[in-house]
Protein chains: 2
Amino acid sequence: MKPDTSAYRVVIVGGGFAGLYAARTLHRAPVQVTLVDRRNFHLFQPLLYQVATAGVSPGDIASPLRTVLKRQRNAEVLLAEVVHVDVLNRRVVFRDGDLPYDTLVIATGASHAYFGHDEWEPLAPGLKTIEDALEIRRRILLAFEAAERETDPALRAAWMNFVVVGGGPTGVELAGTLGEIANHTLKGDFHHIDPGDARIFLLEGVDRVLPPYPPDLSRKAHRSLEKLGVTVRTSTLVTDITPDDVTVRSGDLVEHIATHTVLWAAGVRASPLGQVLQAEAGAQLDRVGRVLVEPDLTIPGHPEIFVIGDLASYTHQGGKPLPGVAPVAIQEGHFVAQLIRRRVEGGALPAFHYNDKGSLATIGRAAAVADIKGLHLSGFLAWFTWVFVHLLYIVEFENRVLVFMQWAWNYFTSNRGARLITGQDLLPTVSPMPPHLLPVEQEERRPLS
Amino acid sequence: MKPDTSAYRVVIVGGGFAGLYAARTLHRAPVQVTLVDRRNFHLFQPLLYQVATAGVSPGDIASPLRTVLKRQRNAEVLLAEVVHVDVLNRRVVFRDGDLPYDTLVIATGASHAYFGHDEWEPLAPGLKTIEDALEIRRRILLAFEAAERETDPALRAAWMNFVVVGGGPTGVELAGTLGEIANHTLKGDFHHIDPGDARIFLLEGVDRVLPPYPPDLSRKAHRSLEKLGVTVRTSTLVTDITPDDVTVRSGDLVEHIATHTVLWAAGVRASPLGQVLQAEAGAQLDRVGRVLVEPDLTIPGHPEIFVIGDLASYTHQGGKPLPGVAPVAIQEGHFVAQLIRRRVEGGALPAFHYNDKGSLATIGRAAAVADIKGLHLSGFLAWFTWVFVHLLYIVEFENRVLVFMQWAWNYFTSNRGARLITGQDLLPTVSPMPPHLLPVEQEERRPLS
């Protein structure tokens, strides 16, 4: 027992990449770490679209936080939702209790935003949680089932239209995988529709997909998507969503796409804890609610409060704020852990510097684009890099093996085994079925011998 | 195209063991098969308790019906809920359409029953669907999390009491696996509780667990459960369930068990389609709503309507009705498929005869009991048999490999990787936390350097 060294309390709120890597990097620091999250697992968010598209199961991309931190003596996990921070008395506040800290690390991330149209949320689910992913999976699979039963050609076509809003990495991954599902996975599954007739629309407001990537990779991604049968519409804005259609505007042209399946992959809204820090500690927020942080990732005037991951807005000298991606979150987590350790030991560290190893986006089976320190890759090589990097960062060995097996299987068979429609048990309503669903005549019915 | 042979329509309602094996056995028969289910997957129900106890993911024990029947040319799948049968006009009726049949096979199974206390259902979920299993998993994991945070000793003890109602195979499996989770899986996961202190109660109304099994195997199962720390109470009835406790009566003794986690593994209620057959075709039902079937598994006066699986009550000459287990359902499915084929070709078959290959129940890691044609096994050998038989019957090869890997991993590591709390995002409310959650003194807090 070393009571003097374990007396320094670090509370980390959020078990995503930023928070979890901060906690793990503190494993030899003379501090007591409490990782607080309202969920009991770390989610490997870059593969969430694979759950939404039935490629892997939720359990394959999530690891219980207690398992991940089991062998770390100086860390414990607390399942609770932080609703407030008492900055003056240095306590995080839950609905039913509170917890003192010496240093606080807030890493509660961001969610998607509907640009002032929150009424679109039930019609166009986003992709941030396991529940979101299962809801999207349910809608995609039910749409094909409804099309199979629908007999009115126009109504059937509407069930087979899929609209993905947002041409960033998540939108590109979703649209590409949808193209693959329609053209390969579901081939031969239905008797009354050809899943290959599905139309997948990817809508992006600016003039190219993957806007943060170099333009040549955007062009390559665009072409790969079209090869998978995806209709890519750039410079196109969504102006309305109803249960039966999406209204889009490109310049002066207004169009309606009849569809029941809209997936939202646009907009960012930072965690509400940013506003708490604004009110309680005078932190400044950017347009979407991210906290502007100092070069050491603290907030001004509060060296004991760090904000990292998607909730933080960090700007290198004169540059653009760092993007909300896993590598940034991981490096920020590492940095604050090292800085906290150094400070407790009486030292300091130079400012945080993000080491950009490149960008990756996958489009479908064996297609991806990569920008690795200026080297632009596409096609199979980029896809292989993508697979390798993602397997490397999956936290638990068991999950890594399972996901690898599942991918290898999916790759060679075009199968997607997790095609379960779960959740609300509602079936879509279709037009009343005609009397002869099967291609036989009523008169041919034979009496049972 | 052979219009004359494909003109004979067989409609099978329900994609469980009975319905699916009927459909598959018809693969070379000169008939058109339509398998109707309101879910899009076949569920390997004998392993559902493994989902409820975080051992495997839902996707591992479910196979999309379309995948299973993909290569069967004479079969199609229809996602729809049958609400009525028009016996006179030979049509099954959905909410939004209908479908003609020449032969109808009803295999919609059974659910659990609360002995006239339906108000217990939200307090004590049963285990019939994927959603049930995830809800049970959520409650078990949240109970340990709440205990970790709870500081009042009596309230903490209540969170660590688990009550399983019903000592049949499902109840024994749930209680045994709970014992394993408490004693092995969660060991070292928590800082403020010892999961091994959890108390697991298995309540059974009659005088022994596994009542349909030979008495010596019941005794062995009882002992194995006690070794895992399960408190087995036979001849004990549940008289009330509230959110905070369960009232039980053994003879004249009435007791209360303080608990928030009650799992229901008792009672049977047959699918409501039994009542439809009673009203429309004069079928007779037993006490729990199962349809009494003829020696050829049809209902009296309707040689074109078969009832198989858990919805059927079939009695060999003078014997007891066959139990609602997978082997019975599978053999009934085979039988009706062969009989239908024979009839269409102008032949007949002798009455159905169930070939009882034995009974198996597992209790925990490497413990099980088996009665194989009079040979009674227990311990590791029985467990190994159990694993082998279950892997053999999992419908899809991919799932078989995944489940095997998962089991091997769980077996050697005592880990259960699917420990995700998903679904409703509600955290349990505990007593307000004391100021010092970590074992340090407030005074020791040091200023940040």
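As the structure is a computational prediction, the values presented were derived from the model and not from experiment.

Before going further, it helps to examine the overall build of chain A. What chain A contains, in helices and strands, is 11 helices and 25 strands. Against the compact-globule benchmark of 22 Å for 449 residues, chain A has a radius of gyration of 24 Å, which places it among compact chains. Projecting the C-alpha coordinates of chain A onto the three principal axes gives extents of approximately 90 × 55 × 40 Å. Counting the 449 residues in chain A, one finds 58% classified as buried. Long-range pairs, those at least 24 residues apart, make up 62% of the contacts in chain A between residues at least 6 apart in sequence. Side-chain charges of chain A comprise 43 positive and 49 negative groups, with the mean position of each set lying 8 Å from the other.

In this section: the packing of helix 1 (residues 17–25) of chain B against helix 9 (residues 326–344) of chain B. Residues and elements named next belong to chain B. Contact geometry of helix 1 with helix 9 gives a least axis separation of 7 Å together with a crossing angle of 35°. Every pair of crossing elements has a handedness; the one defined by helix 1 and helix 9 is right-handed. In this structure, helix 1 contributes F17, A18, Y21, A22 and T25 to the contact, and helix 9 contributes A326, A329, I330, G333, H334, V336, A337 and Q338. Class assignment of the residues belonging to the contact of helix 1 with helix 9 gives a composition of nine nonpolar, four polar and no charged.

A few words now on the pattern of salt bridges. If you walk through the whole model with that rule in mind, you get 32 salt bridges over all chains. Taking the shortest distance from any N to any O, the salt bridge between R39 of chain A and E131 of chain A comes out at 2.8 Å. In this pair, R39 of chain A is assigned in the loop between strand 2 (32–37) and strand 3 (41–43) and E131 of chain A in helix 4 (residues 130–149), connecting sequence segments 92 residues apart. Residue classification places R39 of chain A among the buried residues on the basis of a relative accessible area of 13%. Between D102 of chain B and R9 of chain B there is a salt bridge, and its shortest N-O distance comes to 3.8 Å. One end of the pair, D102 of chain B, is in the loop between strand 8 (97–100) and strand 9 (103–106); the other, R9 of chain B, is in strand 1 (residues 9–13), and 93 residues separate them in sequence. Assessed through its relative accessible area of 0%, D102 of chain B is described here as buried.

Moving on to the pairing of strand 21 (residues 302–307) of chain B. All names here are of chain B. Burial within strand 21 is extensive, with five of its six residues counted as buried. Taken together, the three bridges between strand 9 and strand 21 define a ladder with parallel strand orientation. If you follow V105 over to strand 21, its bridge partner there is F306. By the bridge criterion, two bridges tie strand 20 (residues 298–299) to strand 21 in an arrangement that is antiparallel. From the neighbouring strand, T298 faces strand 21, where its bridge partner is F306. Between the end of strand 20 and the start of strand 21, which pair antiparallel, lie two residues, with G301 showing a positive phi angle near 80°.

Here we come to the side chain of T177 of chain B. With respect to the helices, strands and loops of the structure, T177 of chain B is situated in helix 6 (residues 169–185). The residues touching T177 of chain B, leaving out its near neighbours within four places in the chain, are Y49, T53, I363 and R416 of chain B.

All names here are of chain B. Within helix 8 (residues 273–281), the full set of buried residues consists of L273, G274, V276, L277 and A281. For helix 8, the angular spread of the buried residues around the axis is 155°, confining them to a single face. Buried positions along helix 8 lie against strand 1, strand 6 (82–86), strand 9, strand 19 (291–292), strand 20 and strand 21. Within two residues after helix 8, G282 carries a phi angle of roughly 70°, on the positive side.

Time to look at the packing of aromatic side chains. Between two aromatic rings, the relevant description is the distance of the centres plus the angle of the planes. Residues and elements named next belong to chain A. One pass over the full model with this rule turns up 22 aromatic pairs over all chains. Joined through ring pairs, the aromatic side chains of Y114, F115, W120 and W264 make up one cluster. Directly above the ring of Y21 sits R24, whose terminal nitrogen or CZ lies 5.8 Å from the centroid.

Before going further, it helps to spend a moment on the sheet that holds strand 1 of chain B. The pairing of strands in a sheet happens through backbone hydrogen bonds and is either parallel or antiparallel. Residues and elements named next belong to chain B. Across the sheet, six strands lie side by side as 5-2-1-9-21-20; this open sheet has mixed pairing. With partners counted over all chains shown, the strands left at the sheet margins are strand 5 (75–79) and strand 20, one partner each. Strand direction decides the pairing type here: strand 1 and strand 9, joined by four bridges, are parallel. Bridge pairing links V11 to L104 in strand 9.

Time to look at the pairing of strand 6 (residues 82–86) of chain A. Residues and elements named next belong to chain A. Where strand 6 lies against strand 7 (residues 91–94), four bridges are found, and the strand directions are antiparallel. For V85, the partnering residue across the bridge sits in strand 7 and is V92. Hairpin connection from strand 6 to strand 7: four residues lie between these consecutive antiparallel strands, with R90 at a positive phi of about 50°.

A separate point is the confidence of the model for chain A. All names here are of chain A. Confidence in the prediction of chain A, expressed as mean pLDDT, is 88, and 90% of residues score 70 or more. The low-confidence segment residues 1–5, where pLDDT is below 50, has four contacts with residues more than four positions distant or belonging to other chains. Note that pLDDT drops below 50 for residues 434–449; the model gives that stretch 37 contacts with residues more than four away or on any other chain. In the predicted assembly, ipTM is 0.84 and pTM is 0.88.

The next thing to look at is a nonpolar patch on the surface. A contiguous nonpolar patch, built from F388, L392 and Y393 of chain A and spanning about 300 Å² of accessible area, is present on the exposed surface. Secondary-structure assignment places F388 of chain A in helix 10 (residues 379–393).

On to the sheet that holds strand 13 (residues 230–233) of chain B, then. All names here are of chain B. Pairing in this open sheet of four strands is parallel, and the strands run 13-12-11-17 from one edge to the other. Each edge of the sheet is formed by a strand with only one pairing partner; in this case those strands are strand 13 and strand 17 (261–264). Taking the axes of each pair of neighbouring strands and ignoring which way they run, one obtains an average angle of 20° across the sheet. In terms of strand pairing, strand 11 (residues 161–165) meets strand 17 through four bridges, oriented parallel. Each residue of the ladder has a partner; that of V165, found in strand 17, is W264. Where helix 4 (residues 130–149) meets the sheet, its contacts fall on strand 11 and strand 17, and the angle it forms with strand 17 comes to roughly 155°.

Here we take up unusual backbone geometry. Note on backbone geometry: most residues besides glycine have negative phi, and most peptide bonds are trans. Residues and elements named next belong to chain A. Phi at A54 is positive, roughly 65°, even though this residue is not glycine. Examined against the element boundaries, A54 turns out to sit in the loop between helix 2 (48–52) and strand 4 (62–64). A positive phi angle, near 70°, is found at L297, a position not held by glycine. Structurally, the position occupied by L297 is in the loop between strand 19 (291–292) and strand 20 (298–299).

To continue, consider the environment of L225 of chain B. Topologically, L225 of chain B is positioned in helix 7 (residues 215–227). Residues L225 of chain B and D86 of chain B, spaced 139 residues apart in sequence, show a C-alpha to C-alpha distance of 49 Å.

Since its relative accessible area comes to 51%, F388 of chain B is described here as exposed. Residues F388 of chain B and M160 of chain B, spaced 228 residues apart in sequence, show a C-alpha to C-alpha distance of 33 Å.

Here the focus is the environment of A368 of chain A. Summarising the element assignment, A368 of chain A is placed in strand 24 (residues 367–372). Along the backbone, A368 of chain A and G176 of chain A are 192 residues apart, and their C-alpha atoms lie at a distance of 9.9 Å.

Cut-offs applied
- Residues numbered from 1 in each chain as written.
- Chains lettered and ligands numbered in written order.
- Predicted model: local features only at pLDDT ≥ 70, side-chain atom pairs only at ≥ 80, totals over all residues.
- Heavy atoms only, no water.
- Helix = DSSP H or I, 4+ residues; strand = E, 2+ residues; numbered from the N terminus.
- Rg over C-alpha atoms; globule rule 2.2 N^0.38 Å.
- Buried < 20%, exposed > 50% of the residue type's maximum accessible area, 1.4 Å probe, protein only.
- Contact = heavy atoms within 4.5 Å.
- Lys, Arg positive; Asp, Glu negative; His and termini not counted.
- Charge placed at Lys NZ, Arg CZ, Asp CG, Glu CD.
- Axes fitted to C-alpha atoms, helices over the stretch in contact; angles between N-to-C directions.
- Left-handed = near helix turned anticlockwise from the far one by under 90°.
- Nonpolar A, V, L, I, M, F, W, Y, C, P; charged D, E, K, R; others polar.
- Salt bridge = Lys/Arg side-chain N within 4 Å of Asp/Glu carboxyl O.
- Pairing = 2+ DSSP bridges.
- Arc of directions from axis to C-beta.
- Phe/Tyr/Trp six-rings, centres within 6.5 Å; stacked < 30°, edge-to-face > 60°.
- Lys NZ or Arg CZ within 6 Å of the ring centre and 35° of its normal.
- pLDDT = per-residue confidence, 0-100.
- Patch = residues over 30% accessible without salt bridge, like charges linked within 9 Å, V, L, I, M, F, W, Y side chains within 5 Å.
- Areas by Shrake-Rupley, 256 points an atom, 1.4 Å probe, with all protein chains shown as cover.

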